[in-house]
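As a plain string of letters, each chain reads:
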Amino acid sequence: MSDLIPKISLKGLNKSFGDKVVLDSVDLDVMTGESMVIIGGSGSGKSVTLKCILGLLEPDGGSIKIDGKEMIGISDTERKEILSKFGMLFQGGALFDSLPVWENVAFGLLAQRLHNRADAKEIAIEKLRRVGLSPDVAILNPAELSGGMQKRVGLARAIAANPEIIFFDEPTTGLDPIMSDVINELIVECVKDVGATAVTITHDMSSVRKIADNVAMIYHSNIIWTGPKDKIDQSGSDYIDQFINGKAEGPIKMEILKG
Amino acid sequence: MNFLAVIGRVVISFLRAAGRIGLFAVNAFTHMVRPPYYPRELLKQMLHIGYYSLPVVGLTTLFTGAALAVNIFEGSSRFNAESTLPTIVVIGIVRELGPTLCGLIVAGRVSASMAAELGTMRVTEQIDALHTLSTDPFKYLIAPRILATIIMMPLMLVIVADTIGVLGGYLIATSKLGFNSGNYMKSTIDFLEAIDVMASLTKACVFGFFISLMGCYHGFNTRGGAQGVGISTTNAVVSACIMILLSNYVVTEMFFSS
């Protein structure tokens with residue numbers, strides 16, 4: 001029965017900033033164990049959708065359910081409990097530069113009082129190894145790492161507490177194509193390892209083809225297409241064709257020029 | 001009509017900002033008393049705010065005490081009242097210059113540092129990351145900083161500032177102005193009252209609160225990128241200095257108004 005309840009369910013989600021409508025009645029279901037990738041142009045509302053789910057932004061209306069439980073209007077304690085199911089890899093890494101790498105990775109474990117510091121450090125080193133980083137990286141500061149290494153540390157932090165849901169915010173932005181592919185591979189492996197449900201937002205079509213089970217395209221504040229990754233090339237939508245092929249000509253550009 | 005509208009807008013904007021800062025302060029205090037607590041963060045902040053501010057606070061008050069002694073000696077000699085020098089130096093330093101100078105220096109150092117650090121954390125999504133790691137930023141970032149400043153200002157910085165400021169006056173008075181060391185110390189101790197020290201420590205607590213509140217408030221609410229961090233840092237230092245000078249007058253009135 002629980003398999004029929006979406007892990008994440010958005011219904012009629014609205015969010016505006018002043019006069020600018022960013023999300024207009026967005027509906028989206030992500031099933032348990034599914035890897036959903038949300039694509040769309042800059043400013044289309046992808047990041048706002050994730051931030052609404054995480055409670056970093058307050059939606060203007062609609063419903064957000066995690067495992068069938070409504071997230072909007074719940075107490076801080078309930079939200080904290082639900083957030084303990086989440087891991088997130090931020091676009092810029094968002095590593096705490098006042099802490100060494102291992103404490104960044106183990107932060108959630110220590111914050112939730114799940115382990116003592118010695119055990120948490122061991123788990124952190126194991127997670128670093130899982131993302132291809134040697135144990136001697138553990139004592140470095142984030143500022144001493146390259147962009148690719150910072151992404152790996154961010155990924156290790158996202159999977160450290162074996163979360164049920166992992167969000168990836170533009171995981172390959174700013175990386176060279178080879179490192180992008182390495183990160184994509186790691187994401188697929190790590191998500192499979194911990195058996196998590198994954199939601200990724202990206203512009204990068206190579207990430208989409210590698211990571212996704214299903215794809216949703218967001219355009220003009222709404223989701224205009226959802227479907228399996230292997231159907232995206234035959235979506236029949238000019239918007240999606242233009243986006244996935246990266247063409248200058250097409251309806252999306254026309255809209256931009258009109259604007 | 002336009003002029004009135006401008007005044008109205010300024011007043012509303014001021015009241016709105018004051019309300020936001022007030023709510024921020026209440027929020028910070030409620031998180032201070034509710035678990036979980038972060039003692040490691042508190043100790044780290046106490047070290048950063050207290051211990052590492054000592055050299056600059058000490059140097060400033062040493063030279064201010066020395067300059068005060070020279071000024072008072074020159075001024076009091078006009079009416080043959082040079083013997084009042086130790087009394088005026090100790091009261092001037094303990095009641096006013098020690099806490100106020102210490103507050104302004106710590107505002108420049110600590111308030112700016114808090115605003116820049118928290119502002120950078122905001123624009124690089126580190127504060128959002130705390131949320132996703134089940135950590136309340138108010139408990140982890142704000143409460144330890146405000147508590148550490150309120151503790152370290154009176155217990156370490158202002159006591160040291162007062163002591164070194166008086167020492168600065170003593171050194172100049174005994175080495176250059178011809179005062180006897182024993183007499184100078186006796187006058188200093190005899191004329192210093194408990195209320196002077198109480199006022200000094202109260203000011204230290206109040207200044208510490210405003211220094212950290214302004215640093216945390218502006219840093220936490222930073223918007224934009226590097227420019228936003230710069231604006232927050234400037235606003236934090238300016239507003240902390242204004243609040244120090246304003247509250248200095250209020251506390252002085254409370255203690256010494258006849």
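Residues numbered from 1 in each chain as written. Chains lettered and ligands numbered in written order. Predicted model: local features only at pLDDT ≥ 70, side-chain atom pairs only at ≥ 80, totals over all residues.

Enquirer: Looking at this model, I keep getting lost on the overall build of chain B. Mind explaining?
Expert: Summing up its helical and strand segments, chain B has 9 helices and 0 strands in all. Reading the helices (α) and strands (β) of chain B from amino to carboxyl end gives α-α-α-α-α-α-α-α-α. Principal-axis analysis of the C-alpha atoms gives chain B an extent of 65 × 55 × 35 Å. Looking at chain B residue by residue over its 258 residues, the buried ones come to 44%. (Helix = DSSP H or I, 4+ residues; strand = E, 2+ residues; numbered from the N terminus. Buried ≥ 20, exposed ≤ 12 C-beta atoms within 10 Å, placed from the backbone.)

Enquirer: Which parts of the structure should I look at to understand the interface of chain A and chain B?
Expert: Many authors give the size of an interface as the accessible area that is lost as the parts come together. Taken together, the contact pairs 15 residues of chain A with 10 residues of chain B. Among the secondary structure elements, those contributing two or more residues to the side of chain A that touches chain B are helix 2 (76–83), strand 6 (86–89) and helix 3 (101–111) of chain A. Here the element with the most residues in the side of chain A that touches chain B is helix 3 of chain A; it accounts for 3 residues. When its residues are assigned to classes, the side of chain A that touches chain B shows 10 nonpolar, 4 polar and 1 charged. (Contact = placed C-beta atoms within 7 Å. Nonpolar A, V, L, I, M, F, W, Y, C, P; charged D, E, K, R; others polar.)

Enquirer: How should I be thinking about the sheet that holds strand 5 (residues 69–70) of chain A in this particular structure?
Expert: In a beta sheet, neighbouring strands are held together by backbone hydrogen bonds and run either parallel or antiparallel to one another. Residues and elements named next belong to chain A. Strand order in the open sheet formed by 4 strands is 2-1-4-5, with antiparallel pairing between adjacent strands. Whereas interior strands pair on both sides, the edge strands pair on one side only; in this sheet they are strand 2 (20–30) and strand 5. In this structure, strand 1 (residues 8–17) lies alongside strand 4 (residues 61–66), joined through 5 bridges in antiparallel fashion. Note that in strand 4 the partner of Ser9 across the bridge is Lys65. (Pairing = 2+ DSSP bridges.)

Enquirer: What am I meant to see in the packing of helix 3 of chain A against helix 5 (residues 147–159) of chain A here?
Expert: Each pair of packed helices gets described by two things: the angle between the helix axes and the distance between those axes. Residue and element names in this part refer to chain A. For the pair helix 3 and helix 5, interaxial distance at closest approach is 7 Å and the crossing angle is 30 degrees. Put simply, helix 3 runs roughly parallel to helix 5. In this structure, helix 3 crosses over helix 5, and the sense of that crossing is right-handed. Contacts between helix 3 and helix 5 involve Val101, Asn104, Val105 and Phe107 from the first element and Val153, Ala156 and Arg157 from the second. (Axes fitted to C-alpha atoms, helices over the stretch in contact; angles between N-to-C directions. Parallel < 35°, antiparallel > 145°, perpendicular 65-115°, else oblique. Left-handed = near helix turned anticlockwise from the far one by under 90°.)

Enquirer: Explain helix 9 (residues 226–256) of chain B to me, please; I cannot follow it from the model alone.
Expert: Side chains three or four residues apart in an α-helix point the same way, a direct result of the helix having 3.6 residues per turn. Residues and elements named next belong to chain B. Its 31 residues place the ends of helix 9 45 Å apart at the C-alpha level, agreeing with the 45 Å of an ideal helix rising 1.5 Å per residue. When helix 9 is considered as a whole, its buried residues turn out to be Val229, Ser232, Thr233, Ala236, Val237, Ser239, Ala240, Met243, Ile244 and Val251. Elements that come into contact with the buried residues of helix 9 comprise helix 4 (85–123) and helix 8 (194–220). (Expected span 1.5 Å × (residues − 1).)

Enquirer: Quick question: what am I supposed to make of the sheet that holds strand 3 (residues 35–39) of chain A here?
Expert: Residue and element names in this part refer to chain A. Sheet architecture is open: 6 strands sit in the order 6-7-8-3-9-10, paired in mixed fashion. Two strands in the sheet have a free side with no partner beyond their single neighbour: strand 6 and strand 10 (222–228). Neighbour-to-neighbour, the strand axes of this sheet turn through a mean angle of 15 degrees, independent of strand direction. Note: strand 9 (residues 214–219) against strand 10, 6 bridges, orientation antiparallel. Residue Val215 lies in a different strand from strand 10, and its bridge partner there is Gly227.

Enquirer: So what exactly am I meant to see when it comes to the pairing of strand 9 of chain A here?
Expert: Along any regular strand the residues' side chains alternate between the sheet's two faces. Residues and elements named next belong to chain A. In terms of residue burial, strand 9 counts as a mostly covered element, since 5 of its 6 residues are buried. By the bridge criterion, 4 bridges tie strand 3 to strand 9 in an arrangement that is parallel. Within strand 9, the residue paired with Met36 across the bridge is Asn214. Taken together, strand 9 and the strand that follows it, strand 10, pair antiparallel across an intervening segment of 2 residues, in which His220 is found at a positive phi of about 50 degrees.

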